Amino acid sequence: MVGALEAEIAYVHARRGRQGEAWAHWEVADRIARGLGPGYRHMQSSFSSAVVTAHAVTLSVELCRPGEALRTADTLDPVSAGRRRRLDRTGEGYGLYPSRSPGQQNSP
């Protein structure tokens, strides 16, 4: 549960525009998830390594860093990270680039 809470704390900081705090808490969540292994998934919170990686897309979108969000989204496995969540957050990343369409080269 500590890992899931760290991921949520990271999200709250990102929503408030606190980049340093957001990524610091995300790194703690990521370290915990990686320590639990790629096959681990907490049933109640869905905390897993794949979900923490998907949270990196969310943080980047919330911090208005579309290039970073799109680069991270390109590395996700849509099945293990949750296809709908990935597509929703990736779409928001494209929304931060009004003149872009899917398939165009990612840029910062």
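Everything that follows concerns the structure shown earlier in this document.
The following paragraphs examine the structure supplied in this document. (Residues numbered from 1 in each chain as written. Predicted model: local features only at pLDDT ≥ 70, side-chain atom pairs only at ≥ 80, totals over all residues. Heavy atoms only, no water.)

Quick word on the packing of helix H3 (residues 49-62) against helix H4 (residues 66-75)
- Packing of H3 against H4 brings their axes to within 8 Å, and their N-to-C directions diverge by 165 degrees. The orientation of H3 relative to H4 falls into the category roughly antiparallel. For the pair H3 and H4, the crossing hand works out as left-handed. Contact residues: H3 offers Thr53, Ala56, Val57, Ser60 and Val61, while H4 offers Glu68, Ala69, Thr72 and Ala73.
- Residues of the contact of H3 with H4, tallied by class, amount to 5 nonpolar, 3 polar and 1 charged. (Axes fitted to C-alpha atoms, helices over the stretch in contact; angles between N-to-C directions. Helix = DSSP H or I, 4+ residues; strand = E, 2+ residues; numbered from the N terminus. Parallel < 35°, antiparallel > 145°, perpendicular 65-115°, else oblique. Left-handed = near helix turned anticlockwise from the far one by under 90°. Contact = heavy atoms within 4.5 Å. Nonpolar A, V, L, I, M, F, W, Y, C, P; charged D, E, K, R; others polar.)

Digging into the pattern of salt bridges
- By the definition in use, this model includes 3 salt bridges.
- Put simply, Arg65 and Glu68 hold a salt bridge, and the shortest N to O gap is 2.8 Å. (Salt bridge = Lys/Arg side-chain N within 4 Å of Asp/Glu carboxyl O.)

Thoughts on unusual backbone geometry
- The phi torsion at Cys64 lies on the positive side, around 60 degrees, for a residue other than glycine.
- Tracing the backbone shows Cys64 in the loop between H3 and H4.

Let's talk about a nonpolar patch on the surface
- Judged by side-chain polarity, Met1, Leu5 and Ile9 come together as a nonpolar surface patch covering roughly 300 Å² of accessible area.
- Inspection of the secondary structure puts Met1 in the segment before helix H1 (2-15).
- Judged by relative accessible area, Met1 falls into the exposed class, the value being 58%. (Patch = residues over 30% accessible without salt bridge, like charges linked within 9 Å, V, L, I, M, F, W, Y side chains within 5 Å. Areas by Shrake-Rupley, 256 points an atom, 1.4 Å probe, with all protein chains shown as cover. Buried < 20%, exposed > 50% of the residue type's maximum accessible area, 1.4 Å probe, protein only.)

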